[in-house]
Each structure stands twice: as C-alpha cells, then as structure tokens.
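Survey of secondary and tertiary structure
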Amino acid sequence: MSVRVIVGGQWGDEGKGKVIDSLSEGMDVVVRPQGGANAGHTVIFEDKKIVLHLIPSGILHDGVLNIIGNGVVLEPENILSEIAEVNKYRKITNNLAISDACHIVMPYHKRLDKLNETLKGNDKIGTTGRGIGPCYSDKIARNGIRMSDLIDPVRFRKRLEAVLPFVNRLLVDIFNQTPEDVDSIIEYMSPLAQQLKPFVCDTVSLIHKNLAAGKNFLCEGAQGTFLDIDFGTYPYVTSSNCFSGGISTGSGVPPTAIKEVCGITKAYITRVGEGPFPTELFDEDGKQLAKVGHEFGATTGRPRRCGWFDAVLGLYSTRINGLTEIALTKLDVLSGFKVVKICVAYQYQGKRYDVFPNSLEILENLTPIYEELPGWTEDITGVRKFEDLPLNAQKYIKRLEELIQVPAKIISVAPDRTAIITR
Ligand code: GDP
Ligand code: IMO
Ligand code: MG
C-alpha cells in the first residue's frame with residue numbers, strides 16, 4: 001500500500017490536474033478531499049483540454065477508482081454536468097464514488113457568495129462565486145445539508161425546514177433580497193438528487209477496504225497552501241484546509257497512512273483574486289509569464305496575476321505540508337528570460353523576514369529580496385531527462401531545492417501527461 005498526497009504549494013493552479021493525471025497510470029484510487037467547484041484542474045486527454053472541478057483527475061484512466069471525500073462541497077447540478085462531460089471521453093461506471101457526508105452547495109449559497117462580495121466592496125475576496133464560503137460557513141455553524149440528507153426526501157424536507165429560517169433572515173433582513181422557500185428548492189433539487197444517488201456511498205469504508213487491500217492511493221488536494229483557511233493569507237483565502245492536513249479530515253485517510261507528500265509548485269508563481277502577493281510583477285516580465293504560461297483561470301477565466309518564484313513561501317509550504325518532494329511545473333514558461341529571479345527573503349521596515357509572516361500589514365507592504373540567476377533560451381518542452389535540460393535550468397532547480405529544502409522529483413515541461421521528467 002502507498003498513499004501519495006498531492007497538494008498545491010502556492011496559491012492554486014500549480015498544475016495539480018496535469019501531475020495527477022500523469023501519476024494516475026498504475027494507481028488504484030484517487031481521492032479528492034476538499035474544496036468544491038472553485039477548483040479547476042486541467043487535464044489534456046487525447047489532445048483535448050478537460051477542466052475538472054469536482055471529479056478527481058484520475059478519471060481518464062482505466063482501472064482507477066475516483067472518490068469524492070466527505071470534505072468536498074458539492075453542487076448537484078455542477079457534478080452532474082461534469083459527469084456528462086467526462087462521459088463524452090470515457091464512460092463513468094462504477095469508478096466514481098461520492099461521500100454521503102459531503103456538504104451540498106445550495107442555490108442560496110451561491111446567492112450569498114455574491115451578496116457577501118458586493119457588501120465587502122473594496123475589501124472583497126475575489127471569490128469564484130461558486131458558493132464555497134457560505135457552504136463551508138453553514139457546515140461549521142452546523143446548519144449545513146449533507147448528501148445523506150439530500151438523497152432522502154423525508155430528511156431533506158426536514159433539514160431544509162430547520163435551516164431555511166436562518167438563511168432567510170440573512171437574505172431578507174441583511175441583504176434586502178427575496179426569501180427562499182422549501183417547496184421550490186425541493187422541486188429543483190429532488191430530480192438531481194435521484195440522479196446522484198447511484199454514486200453515493202460511505203466513502204470512509206470504501207477507502208479503508210482499499211487501504212487494507214494494499215491498494216495504491218493518490219490524494220488530490222485542491223487550491224493551494226496559501227489559500228488555506230488557517231495558513232493562507234487570511235482573509236484572502238478559500239474556506240477549507242487545502243494544505244496536507246486537510247487530506248485526512250476530508251477523506252478519512254488516516255495521517256499515519258500517508259507516506260509521501262508532493263507539493264505541486266510552479267517554477268514562478270500566480271494568484272487569482274484579491275490578496276497580498278509579495279513577488280507580483282507589473283512589468284514586461286509579468287506580461288511574458290502570463291502570455292507564455294496562458295495564465296487565465298480554469299474556472300472563471302480571470303487573468304492570473306504573475307510573479308517570480310517566492311522561496312519564503314516555498315519553505316513554509318515544505319514545513320507545514322511535510323513535503324517529501326515537489327513537482328516543479330511550467331518550467332518551460334521560463335525559457336527566454338535573460339535573468340530569472342528568486343525571492344529569498346522579505347524586508348519590512350528595515351527588518352529581514354526569512355519566515356512567511358502571518359501579518360497582512362507586513363505582507364501588503366514588504367519588499368522582496370531577490371537573488372538573480374542567468375536564464376536560458378532553449379525550448380525544453382521535449383526534454384525528458386534532467387541531464388538534458390540547459391545547464392542554467394538545472395542550476396535554477398538546484399537552487400530552488402536548496403532554498404525550499406525539498407527535492408524536485410518531478411519536473412513538468414508542457415501541459416500534456418507525458419511531458420514530465422522524473423528523478
Ligand atoms: P491546477 O488547478 O493546479 O490543476 O492547475 P490549472 O489546471 O488550473 O492550471 C494549470 C495550467 O497549466 C493548465 O492550463 C495546464 O494545462 C497547464 N500546465 C500544467 N503543467 C504545465 C507545464 O509544465 N507547462 C505548461 N506550459 N503548461 C502546463
Ligand atoms: P485550484 O484547485 C486558484 C481563490 C479565488 C479567491 C479565493 C476564494 O484550481 O488550484 P472561493 O471561491 O474559494 O471562496 O475564493 O480563492 N481560489 C482559487 N485560486 N485556484 C483554485 O483552485 C482556487 N480556488 C479558489 O480566486 O481568491
Ligand atoms: Mg486550477
């Protein structure tokens with residue numbers, strides 16, 4: 001048995017989908033533990049680009065069981081349309097299981113997500129508008145609706161009658177909006193629930209049956225370490241634990257079963273939405289990263305903000321995730337830069353910071369301290385061996401490894417699943 005965890009090491013969109021799809025060959029189980037349709041994981045299948053939001057990225061391989069764990073928040077219409085999309089490429093049969101403990105993203109969660117953002121005005125988070133924050137808020141406040149409620153018509157009505165008074169106080173009294181009503185929600189959601197029912201089960205038992213049988217697992221974290229509700233750039237974060245600690249709470253895979261933790265780490269860095277970004281670039285270099293890297297959000301299509309690699313963030317990610325390796329992605333995007341820069345520390349009010357600070361005041365006002373390395377011009381998208389990379393690219397990787405104290409065992413040099421160097 002082996003359990004390898006994959007987490008985003010930065011602010012999401014590091015290339016998790018691609019790496020998981022590449023590593024799924026020969027895997028038995030891929031588990032998605034948290035997040036919702038805010039995620040967009042791109043896989044290239046037979047030259048076609050498929051963006052998965054909820055279904056684990058092992059779905060396009062034969063013989064892989066894909067499990068949506070209890071920590072995921074799930075909008076029924078969303079997951080059903082994703083199942084229909086994947087069916088065009090590979091028929092989903094008994095290779096997809098959805099936890100009966102998943103919380104359901106209700107239509108009012110999406111309304112509230114947008115209303116919250118509007119009320120926040122200039123302080124908005126820049127959410128994906130998928131209802132993620134309000135759904136997780138209800139989960140924590142114990143006002144959520146779980147999959148096991150949704151698929152049982154009697155329970156569903158009972159649960160809705162219990163929670164809607166709270167929702168409607170918010171909608172009507174705070175936001176001056178029309179209320180929700182139990183019957184309309186039931187009318188809309190019941191047919192969806194029946195379509196989902198065949199996929200729903202006790203995924204904890206399923207996971208443990210497979211662990212006991214010695215199966216090989218990949219766990220697919222969504223978002224990234226610095227969007228984590230506890231360790232990210234709060235409040236500019238998502239509403240789940242997207243560092244490695246969220247794997248166990250979101251799936252029931254026990255921490256002691258986890259042997260390898262791989263941080264998916266872009267060779268530079270990007271961020272979508274609002275919030276501090278120490279190495280963000282507003283110059284031609286930033287434009288080049290965005291253009292060559294096609295840096296547009298896979299879920300919302302928003303342009304991603306781009307910047308140089310931040311090793312302060314990187315080292316923090318190594319530590320809190322317990323990384324045993326990183327997969328360094330999109331190295332090809334750096335080809336053509338005369339100089340590549342790495343942020344090695346921060347400076348704020350004359351003081352040097354080597355450790356990622358929690359204070360938003362520091363994060364928003366610091367100056368990055370950069371180390372400069374010579375770049376390379378070669379197209380590296382066809383390279384499959386570390387030794388065949390340009391010497392300066394090898395030096396860049398080795399310096400990153402030194403700074404963030406973890407080996408880059410995987411290097412990705414193009415979007416497709418075969419464009420990978422393993423060391
Ligand atoms: P995720 O959310 O971490 O799965 O990442 P996204 O799918 O949102 O964004 C990553 C983007 O980079 C996608 O468009 C991928 O197809 C693309 N990609 C992944 N790895 C590489 C790589 O090594 N090189 C290049 N050029 N693109 C890559
Ligand atoms: P993947 O899994 C990048 C960001 C949003 C916003 C913040 C909160 O594809 O890497 P939310 O809708 O979650 O309440 O938004 O988090 N965000 C992501 N950014 N990649 C993601 O997922 C993201 N999921 C959420 O842009 O800044
Ligand atoms: Mg993404």
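Residues numbered from 1 in each chain as written. Chains lettered and ligands numbered in written order. Predicted model: local features only at pLDDT ≥ 70, side-chain atom pairs only at ≥ 80, totals over all residues. Heavy atoms only, no water.

**Details of the coordination of the magnesium ion (ligand 3)**
On the protein side, the magnesium ion (ligand 3) has Asp13 (OD) and Gly40 (O) as donor atoms, found 2.0 to 2.2 Å from it. Of this pair, Asp13 sits in the loop between β1 (2-8) and α1 (16-23) while Gly40 sits in the loop between β2 (29-32) and β3 (41-45), and the two are 27 residues apart along the sequence. (Donors = N, O, S within 2.8 Å, 3.2 Å for Na, K, Ca; no water. Helix = DSSP H or I, 4+ residues; strand = E, 2+ residues; numbered from the N terminus.)

**Structural notes on the nonpolar core**
Core analysis: the biggest nonpolar cluster contains 55 residues, and Leu328, Leu331, Leu334, Ile342, Leu389 and Tyr396 have the highest contact counts within it. In terms of residue count, the dominant contributor to this core is helix α13 (residues 391-404) (six residues). Mapped onto the domain boundaries, this core takes at least three residues apiece from domain 1 (2-97 + 202-261) and domain 3 (266-422). Setting aside anything within four residues of it in sequence, one finds Leu331 in contact with Ala267, Trp376, Ile380, Leu389, Tyr396, Ile397, Ile411 and Ser412. (Core = buried A, V, L, I, M, F, W, Y, C linked by side-chain atoms within 4.5 Å. Buried < 20%, exposed > 50% of the residue type's maximum accessible area, 1.4 Å probe, protein only. Domains from an automatic or database assignment. Contact = heavy atoms within 4.5 Å.)

**A short note on the pairing of β2**
Residues Val29 and Val31 line one face of β2 and the alternating positions Val30 and Arg32 line the opposite face, and both faces are buried. Sheet analysis places β2 next to strand β10 (residues 216-220), joined by three bridges and oriented parallel. In the sheet register, Val29 faces β10, and the bridge partner there is Phe217. (Pairing = 2+ DSSP bridges.)

**Let's talk about the domain arrangement of the chain**
By the assigned domains, the chain splits into domain 1 (2-97 + 202-261), domain 2 (103-196) and domain 3 (266-422). Measuring from the centre of the C-alpha atoms in domain 1 to the corresponding centre in domain 3 gives 23 Å. If you look at the interface, domain 1 gives 37 residues, while domain 3 gives 38 residues. Taken together, both faces of the contact between domain 1 and domain 3 bury some 3,000 Å²; the carbon and sulfur share is 57%. The partner of Arg4 in a salt bridge is Glu325, with the nearest N and O atoms 2.8 Å apart. Our count for the contact surface shared by domain 1 and domain 3 stands at 23 residue pairs in polar contact (both at pLDDT 80 or more). Broken down by secondary-structure element, the contributors of at least two residues to the side of domain 1 that touches domain 3 are β1, α1, β3 and β11 (260-266). No other element matches the five residues that α1 contributes to the side of domain 1 that touches domain 3. (Buried area = accessible area lost by both parts, 1.4 Å probe. Salt bridge = Lys/Arg side-chain N within 4 Å of Asp/Glu carboxyl O. Polar contact = N/O pair within 3.5 Å; in protein donor to acceptor, adjacent residues only side chain to side chain.)

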